[in-house]
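# Architecture at a glance
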Amino acid sequence: MSELRNNLKALRAGRGMTQADLATAVSVSRKTINTIENRVFVPSTVLALRLADVLHVSVHDIFELEN
């Protein structure tokens with residue numbers, strides 16, 4: 001079974017954003033960003049698209065399936 005891997009923390013940090021900054025930009029709580037980064041929570045498609053838009057990357061740059 002594949003697992004969903006994400007690069008959200010690295011992408012966010014590489015842009016000098018805190019979890020709170022990113023959370024505000026996509027209208028969620030800082031805790032939501034934290035749980036996504038720690039692979040506790042998988043975001044909805046809408047939230048994944050918002051994250052990609054704010055970070056100026058594709059959804060595939062943030063999330064990928066790991067075999």
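How each quantity is defined
- Residues numbered from 1 in each chain as written.
- Predicted model: local features only at pLDDT ≥ 70, side-chain atom pairs only at ≥ 80, totals over all residues.
- Heavy atoms only, no water.
- Axes fitted to C-alpha atoms, helices over the stretch in contact; angles between N-to-C directions.
- Helix = DSSP H or I, 4+ residues; strand = E, 2+ residues; numbered from the N terminus.
- Parallel < 35°, antiparallel > 145°, perpendicular 65-115°, else oblique.
- Contact = heavy atoms within 4.5 Å.
- Nonpolar A, V, L, I, M, F, W, Y, C, P; charged D, E, K, R; others polar.
- Core = buried A, V, L, I, M, F, W, Y, C linked by side-chain atoms within 4.5 Å.
- Buried < 20%, exposed > 50% of the residue type's maximum accessible area, 1.4 Å probe, protein only.
- Salt bridge = Lys/Arg side-chain N within 4 Å of Asp/Glu carboxyl O.
- Patch = residues over 30% accessible without salt bridge, like charges linked within 9 Å, V, L, I, M, F, W, Y side chains within 5 Å.
- Areas by Shrake-Rupley, 256 points an atom, 1.4 Å probe, with all protein chains shown as cover.
- Arc of directions from axis to C-beta.

At their nearest, the axes of helix 2 (residues 19-26) and helix 3 (residues 30-37) sit 8 Å apart, and the two run at 110 degrees to each other. By the angle between their axes, helix 2 is roughly perpendicular relative to helix 3. Of the residues in helix 3, those in contact with Gln 19, Ala 20, Leu 22, Ala 23 and Val 26 of helix 2 are Arg 30, Ile 33, Asn 34 and Glu 37. Across the contact of helix 2 with helix 3, the residue classes tally to five nonpolar, two polar and two charged.

Ranked by size, the top nonpolar core spans 16 residues in total, and within it Leu 8, Leu 22, Ile 33, Leu 51, Leu 55 and Ile 62 carry the most contacts. Top contributing element to this core by residue count: helix 4 (residues 45-55), with five residues. When sequence neighbours within four positions are dropped, the list of residues in contact with Leu 8 reads Leu 22, Ile 33, Ile 36, Glu 37, Leu 51, Leu 55 and Ile 62.

A few words now on the pattern of salt bridges. By the definition in use, this model includes four salt bridges. Across the salt bridge formed by Glu 66 and Arg 5, the nearest N and O atoms sit 3.8 Å from each other. With Glu 66 in strand 2 (residues 63-66) and Arg 5 in strand 1 (residues 3-6), this residue pair connects regions lying 61 residues apart in the sequence. Glu 66 gets classed as partly exposed once you look at its relative accessible area, which sits at 29%.

Okay, a nonpolar patch on the surface next. Taken together, Leu 4, Val 42 and Leu 65 make up a surface patch of nonpolar side chains, about 280 Å² in accessible area. Examined against the element boundaries, Leu 4 turns out to sit in strand 1. In this structure Leu 4 comes out as partly exposed when scored by relative accessible area, which is 33%.

Count 3.6 residues to each turn of an α-helix, and residues three or four apart come out pointing the same way. All of the buried residues along helix 2 are Gln 19, Leu 22, Ala 23 and Val 26. Across the axial projection of helix 2, the buried residues extend over an arc of 100 degrees, all falling on one side. Buried residues along helix 2 sit in contact with helix 1 (8-14), helix 3 and helix 4. Taken from the residues just after helix 2, Ser 27 is the one with a positive phi, measuring 60 degrees.

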